[in-house]
Amino acid sequence: MPRLTVVVPAHNEVAVLEAFHARLGRVLAELPLDSRVLYVDDGSTDATWRLIEELLARDPRVGAIKLSRNFGKEAALTAGLDHVDADAVVVIDADLQDPPELIPSLVERWHAGFDVVYATRTARAGETGFKRLTAALFYRGMERLSDTPIPRDTGDFRLLSRRALEALRQLRERQRFMKGLFAWIGYRQTAVHYLRESRQAGTTKWNYWRLLQLAMEGVTSFSTAPLRLATWVGLLSSLVAFLYGLWVFGKAAMLGDPVQGYPSLMVVILFLGGVQLLALGVIGEYLGRNYAESKQRPLYFIEEQRSPRAK
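Residues numbered from 1 in each chain as written. Predicted model: local features only at pLDDT ≥ 70, side-chain atom pairs only at ≥ 80, totals over all residues. Heavy atoms only, no water.

Trainee: I'm lost on the overall build of the chain in this one. Help?
Mentor: Secondary structure summary: the chain contains ten helices and eight strands in total. Taking all 311 residues of the chain together, 45% fall into the buried category. For the chain, the accessible surface area stands at approximately 16300 Å², while carbon and sulfur atoms represent 61% of it. (Helix = DSSP H or I, 4+ residues; strand = E, 2+ residues; numbered from the N terminus. Buried < 20%, exposed > 50% of the residue type's maximum accessible area, 1.4 Å probe, protein only. Areas by Shrake-Rupley, 256 points an atom, 1.4 Å probe, with all protein chains shown as cover.)

Trainee: Is there a simple way to think about a nonpolar patch on the surface in this case?
Mentor: The grouping of Leu236, Leu239, Val240 and Leu243 at the surface amounts to a nonpolar patch, some 380 Å² of accessible area in total. Looking at where Leu243 falls in the secondary structure, it is placed in helix H9 (residues 225-255). (Patch = residues over 30% accessible without salt bridge, like charges linked within 9 Å, V, L, I, M, F, W, Y side chains within 5 Å. Salt bridge = Lys/Arg side-chain N within 4 Å of Asp/Glu carboxyl O.)

Trainee: Just checking my understanding: could you explain the pattern of salt bridges for this structure?
Mentor: Once the charged atoms of two side chains with opposite charge are near each other, the side chains can pair. For the structure on display, the rule yields 15 salt bridges. Note that Arg36 and Asp34 form a salt bridge whose closest N and O atoms lie 2.5 Å from each other.

Trainee: It is not clear to me how the nonpolar core should be interpreted in this structure. Could you clarify?
Mentor: Side chains that are nonpolar tend, in soluble globular proteins, to be buried together. One finds Leu4, Phe20, Tyr39, Ile103, Phe157 and Leu159 to be the most contacted residues of the largest nonpolar core, which totals 37 residues. Per element, the largest residue contribution to this core is six residues, and it comes from helix H1 (residues 14-30). Among residues more than four places away in sequence, those in contact with Phe157 are Val90, Val91, Ile92, Asp98, Pro99, Leu102, Ile103, Leu106, Tyr118, Ala119 and Tyr194. Residues Ile65, Ala86, Tyr118 and Leu299 belong to the second largest nonpolar core, which totals 29 residues. (Core = buried A, V, L, I, M, F, W, Y, C linked by side-chain atoms within 4.5 Å. Contact = heavy atoms within 4.5 Å.)

Trainee: What is the right way to read the environment of Trp110 from this model?
Mentor: Within the secondary structure layout, Trp110 lies in helix H4 (residues 103-111). For Trp110 and Ser161, which are 51 residues apart along the polypeptide, the C-alpha to C-alpha distance reads 7.3 Å. Once residues lying within four places of it in the same chain are set aside, the contact partners of Trp110 are Pro2, Leu33, Asp87, Ala88, Val117, Leu159 and Ser161.

Trainee: Could you clarify how one ought to interpret the packing of aromatic side chains in this entry?
Mentor: What characterises a pair of aromatic rings is the spacing of the ring centres plus the angle enclosed by the ring planes. Applying the stated rule across the entire model yields two aromatic pairs. Between the aromatic rings of Phe20 and Tyr39, the centroid separation amounts to 6.4 Å while the plane-to-plane angle is 75°, which identifies the pairing as edge-to-face. Pair noted here: Phe20 is in helix H1 and Tyr39 is in strand S2 (residues 34-41), with a separation of 19 residues, a long-range link. A ring pair is formed by Phe157 and Tyr194, whose centres lie 5.9 Å apart and whose planes are at 90°; its orientation type is edge-to-face. Taken together, the residues Phe157 in strand S6 (residues 154-161) and Tyr194 in strand S7 (residues 189-196) connect sequence positions 37 residues apart. Across the pair, Tyr194 and Phe157 agree in class, each one buried. One cation-aromatic arrangement involves Arg69 over Phe71; the distance from NZ or CZ to the ring centre is 4.0 Å. The lysine or arginine in question, Arg188, covers the ring of Phe114, its NZ or CZ lying 4.4 Å from the ring centre. (Phe/Tyr/Trp six-rings, centres within 6.5 Å; stacked < 30°, edge-to-face > 60°. Lys NZ or Arg CZ within 6 Å of the ring centre and 35° of its normal.)

Trainee: Is there a simple way to explain the environment of Val84 in this structure?
Mentor: Inspection of the secondary structure assignment puts Val84 in the loop between helix H3 (73-82) and strand S4 (88-91). Measuring from C-alpha to C-alpha, the distance between Val84 and Leu38 comes to 8.1 Å, with 46 residues separating the pair along the chain. In contact with Val84, not counting residues within four places along its chain, are Thr5, Val7, Leu38, Val89, Leu165 and Arg169.

Trainee: Help me understand unusual backbone geometry in this model?
Mentor: Phi is mostly negative for residues that are not glycine, and the peptide bonds are mostly trans. Here Asn12, not a glycine, exhibits a phi torsion of approximately 55°, which is positive. Within the element layout of this structure, Asn12 appears in the loop between strand S1 (3-10) and H1. The class of Asn12 is partly exposed, set by a relative accessible area of 22%. Positive phi, normally seen in glycine, also occurs at Tyr187, with a value near 65°. Within the secondary structure layout, Tyr187 lies in the loop between helix H7 (178-184) and S7. In this structure Tyr187 comes out as partly exposed when scored by relative accessible area, which is 40%.

By themselves these figures say nothing about function.
See the structure below:
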């Protein structure tokens, strides 16, 4: 019987984890697969790990990994994928915004021959208009900027075949943007559409600052467009400044007009200074990525690991 493992990264999800596992268990019970669940506790500070231990005792299909601290969702997801031995793996969050009931549709497309089946949101319930707007802008911006096509309105909820999983394991970069890595490996990919529900319990860990950091991670991981933009802005600014300088010099030489305009001079100086600082900031982001990669630190450390009891 083909083996399926569901990887669930969790950070302070004690309020919703019990309900999530109940729904997931009902789904897996109906699948004609040898199913397992692997929870990855990403350094939770609440009772998440204690609840996972209770699930381990009750359900022989459950395995668990506890990281030594909070390494972030991308690292927790990587840890789970590194410890899976299955014919297919499904990645899903524990907050029930992504419905476990969609997993059979992902499996069906996998059986049809696809290596990556990603779940694309047709709507996002329970989110503010500003959140939906910024998310739409991010995905459409990434679509234009990225050298690798990244599906619109698609999170981490997806199924990977064994060969897609093995390919993903070879990508060991430290600054990880998993949505881009899933797309970068290629193979046959397709979408399953669904309505994303509102969070069932607990609070989101993704405030706007963390979302902005994730967006910067995505752009700098899969596009050099900001560097090219900084180059072109610098060239354009230099050209405009040169032409303006020629005009001021010619006007003073031919018409005897004294050079004036202290306010406009300050505006130009401040503008060019701002452009230079912006360009340095963009360069710094890419340089920082190279610095982090050069240290070659492990992506995560495991404090405790439990294997499923079911055979």
